[in-house]
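# A structural walkthrough
Residue-level listing of the chains:
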Amino acid sequence: MAKGWIFSALLLVFLVIAPACEAFYLPGSYMHTYRQGEEIGAKVNSLTSIETELPFSYYSLPYCRPPGGIKKSAENLGELLMGDQIDNSPYRFRVNVNESLYLCTTSPLDEVNVNLLKQRSRDLYQVNMILDNLPVRRFTEQNGVTIQWTGYPVGYTPEGSSDVYIINHLKFKVLVHKYEGSNVRVVGTGEGMEVISDTDTDAKSGFEIVGFEVVPCSVKRDPEAMSKLTMYDKVEAVSCPVELEQSQLIREKEQITFTYDVEFVNSDIRWPSRWDAYLKMEGAKIHWFSIMNSLMVILFLAGIVFVILLRTVRRDLTRYEELDKEAQAQMNEELSGWKLVVGDVFREPTSSKLFCVMIGDGVQILGMAIVTIFFATFGFMSPASRGMLLTGMIFLYMLLGILAGYAAVRLWRTVKGTSEGWRSVSWSTACFFPGIVFIVLTVLNFMLWSRNSTGALPISLYFTLLSLWFCISVPLTLLGGFLGTRAEPIEFPVRTNQIPREIPTKNYSWLLIFGAGTLPFGTLFIELFFILSSIWLGRFYYVFGFLLVVLLLLVVVCAEVSVVLTYMHLCAEDWRWWWKAFFASGAVAFYVFLYSINYLVFDLRSLSGPVSATLYIGYAFIVSLAIMLATGTVGFLTSFSFVHYLFSSVKID
């Protein structure tokens, strides 16, 4: 009966996962070789801004429409959750052909469109364009330093002026690498890896697109003369930037003409290296120095604490075991410390069901983080595959539900001594963290809906997420719980007394626990700054090697801090160490949340509006909760192993 139930669950999981795995495939991750004069269409993503963090559709503004109508690209799960909306655009390019083309002239702007264009320009919204899966780049000079951006602004306001000018002319530079035909043919690549197959037929020579840059400017043209042209007619080239008097103002009754120039430039950059310019890390020396300095300090402090702990515990055990039974009994009567709580140290913690559920969810989140970062470190999460990282995290989290159910139920069985109630524990484990995330995202989604943002999840995606949750994650968690009931229970080395021992009054224990969270926080706050900057300032984050090292160091430090705090509480005759071991390392999440608020106030001063701030705080809360569950689980499991070893090493009569 049990085998049939397990087989049915696995079959259901396979049937649900099989079609969903198609979301991992993105055609843009394959290399294309274009012929001379071959036509390529550019795509546009959602408008984004560091001012509001509310993405909007490109065609929410009065831009030119493509001749065949707007066609949406198929987004995967990660892209939908990030608010990406990729559409086709009227911009076309003929490979290795330089030309200046006319797009369209708008109707006279009404008050609504004028206000919308001005608001988007003042909020620093960027147009994100994509050609052959490469985002467009632009460069600006600030204080003698060249800064790279992805996208170009909707409009701008000159310094000392209240007028707003629209960007209506684009000078594109497309970098191409000439591919010479040979008796080998490139079948497909991921970014950074070529797969080459022998062929008897010579492949035709062509061009690989290895770069996409833009210089935006505002140009006022005669609408009457321009309206006589049709789309893709040739116009005079423009030298950007132009004088302010010749720029296009945004005001009522104005007609805006959109044009663009295209220049193809031969480049020595090869296809596998075309993303290097986007992934180049600014301030690399500071990043290296900060990370290494943080690692050295934390390793030094944690090493000292760990050595002191080992020497103290070893001394206590040696003294205790050198005495005979009569002397041990007398020692128990006279001395205080961890030896006196031998009959209470494994007593069931308060809210034991919630505790087991949180440990199970922590195991699931920690496993997902380690596996995701490991694969990303070795290049399996290419930035060319938009949404791949988030999609992979979601599916890994669901698949690791089997570990969550197993850990939660086995701990429940260890605490209770019986498997009764394991289904309730498994269900709670499957619904606790995802339920909180679902509630928070629903509240935030209503706010995005009210602003007509593309970041709002459509109803169809809600049903998709619910289906994945209850058709994959929940069955796997129940399966893991069932396996947990069949696993051997963990035997305690000592018996628990019927009457709890009185605990001496201590007013500093919880304050000490939250203070201990500063040590693991010191291992990650530098990397946290780079992660927050990549998320909220529109930069690429691709230094997963650093992140993997920081994660492993964080696990070690959390384990050591939790063990030290647990030992201190046992020495203070406080046998209620379960929750305190969890929060001793989990308290790092409190500092992560405070740092996120600090980043919002001092580094994201441009973030405007209550909706944007609420979105930021909501996402920061979800991340902090996940960090608390993961690090708290590390601390408890390490402390549990330490306490189990400590009391199993003592001779108990």
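As the structure is a prediction and not an experimental result, all values here were calculated from the model.

Summing up its helical and strand segments, the protein has 18 helices and 16 strands in all. Here the protein, with 653 residues, has 52% of them falling under the buried criterion. Restricting to contacts in the protein with at least 6 residues of sequence separation, those with at least 24 account for 83%. Carbon and sulfur atoms form 60% of the exposed surface of the protein, whose accessible area is close to 31,600 Å².

With that settled, the discussion passes to the pattern of salt bridges. As enumerated under the stated definition, the model contains 11 salt bridges in all. With a closest N to O distance of 3.5 Å, Glu39 and Arg92 form a salt bridge. Of this pair, Glu39 sits in strand S1 (residues 39-44) while Arg92 sits in strand S2 (residues 87-94), and the two are 53 residues apart along the sequence. Connected through salt bridges with shared partners, the residues Arg94, Glu99 and Lys234 form a single ionic network.

Positionally, Thr105 belongs in strand S3 (residues 99-105). The class of Thr105 is buried, set by a relative accessible area of 18%. A distance of 2.9 Å separates polar atoms of two side chains, one belonging to Thr105 and the other to Tyr102. Within the structure, the side chain of Thr105 is placed 3.1 Å from the side chain of Thr257, a separation counted as a polar contact. Each residue touching Thr105, except ones within four places of it in the same chain, is listed here: Pro223, Met226, Ser227, Gln255, Ile256 and Thr257.

Moving on: helix H8 (residues 352-377). Over its 26 residues, H8 runs 37 Å from end to end, which matches the ideal 38 Å to within 8%, given 1.5 Å per residue. Downstream of H8 by one or two residues, Gly379 has phi in the positive range, about 85°.

Before going further, it helps to examine the side chain of His569. Here His569 lies in helix H15 (residues 544-571). With sequence-adjacent residues up to four places away left out, His569 is seen in contact with Ser509, Ile513, Asp574 and Lys580.

Turning our eyes to something else, we now look at the pairing of S1. Where burial is concerned, the two faces of S1 differ: the one with Ile40, Ala42 and Val44 is buried and the one with Glu39, Gly41 and Lys43 is not. The pairing of S1 with S2 spans 5 bridges and is classified as antiparallel. Looking at S2, one finds that Glu39 is bridged to Arg94. Inspection of the sheet shows S1 paired to strand S5 (residues 129-131) by 2 bridges, in the antiparallel sense. Within S5, the residue paired with Val44 across the bridge is Met129.

Here we come to the sheet that holds S5. With antiparallel pairing, 4 strands are arranged side by side in an open sheet as S2-S1-S5-S6. Strand pairing shows two members of the sheet lacking a second neighbour, S2 and strand S6 (134-135), which therefore form its edges. Here S5 pairs with S6 via 2 bridges, running antiparallel. Within S6, the residue paired with Leu131 across the bridge is Leu134.

Okay, the state of the cysteines next. In total, this model carries 2 disulfides according to the counting rule given. With a sulfur-sulfur separation of 2.0 Å, Cys217 is cross-linked through a disulfide to Cys240. Placement of the pair is Cys217 in strand S15 (residues 206-217) and Cys240 in the loop between helix H4 (223-226) and strand S16 (257-266), with a sequence separation of 23 residues. Residue Cys240 is classed as buried on the basis of its relative accessible area, which comes to 19%. Going through the protein in sequence order and numbering each bonded cysteine, the pairs you get are 1-2, 3-4.

All right, on to the environment of Val437 then. Tracing the chain through its elements places Val437 in helix H11 (residues 422-450). Along the chain, Val437 and Val623 lie 186 residues apart, while their C-alpha atoms are 9.6 Å from each other.

Before going further, it helps to spend a moment on unusual backbone geometry. What is expected of a backbone is that most residues other than glycine have negative phi and most peptide bonds are trans. Of note in the backbone geometry, Asn133 takes a positive phi value of approximately 70° without being a glycine. Positionally, Asn133 belongs in the loop between S5 and S6. The class for Asn133 is buried, based on a relative accessible area of 12%. Residue Asn452 is not a glycine yet carries a positive backbone phi of 55°. Relative to the elements of secondary structure, Asn452 occurs in the loop between H11 and helix H12 (459-486).

This structure, assessed with the given rule, holds 44 aromatic pairs. Their ring planes at 55° and their centres at 6.1 Å tell us that Tyr397 and Phe433 sit as a pair that is tilted. One end of the pair, Tyr397, is in helix H9 (residues 388-399); the other, Phe433, is in helix H11, and 36 residues separate them in sequence. As far as burial versus exposure is concerned, Tyr397 and Phe433 are alike and both buried. Three or more aromatic residues link up through ring pairs in this structure, and these residues are Phe346, Phe355, Phe492, Trp577, Trp578, Trp579, Phe582, Phe583, Phe636 and Phe640. The ring centre of Phe56 lies 3.9 Å from the NZ or CZ of Arg120, which sits over that ring.

Rules used in this analysis
- Residues numbered from 1 in each chain as written.
- Predicted model: local features only at pLDDT ≥ 70, side-chain atom pairs only at ≥ 80, totals over all residues.
- Heavy atoms only, no water.
- Helix = DSSP H or I, 4+ residues; strand = E, 2+ residues; numbered from the N terminus.
- Buried < 20%, exposed > 50% of the residue type's maximum accessible area, 1.4 Å probe, protein only.
- Contact = heavy atoms within 4.5 Å.
- Areas by Shrake-Rupley, 256 points an atom, 1.4 Å probe, with all protein chains shown as cover.
- Salt bridge = Lys/Arg side-chain N within 4 Å of Asp/Glu carboxyl O.
- Polar contact = N/O pair within 3.5 Å; in protein donor to acceptor, adjacent residues only side chain to side chain.
- Expected span 1.5 Å × (residues − 1).
- Pairing = 2+ DSSP bridges.
- Disulfide = S-S within 2.5 Å.
- Phe/Tyr/Trp six-rings, centres within 6.5 Å; stacked < 30°, edge-to-face > 60°.
- Lys NZ or Arg CZ within 6 Å of the ring centre and 35° of its normal.

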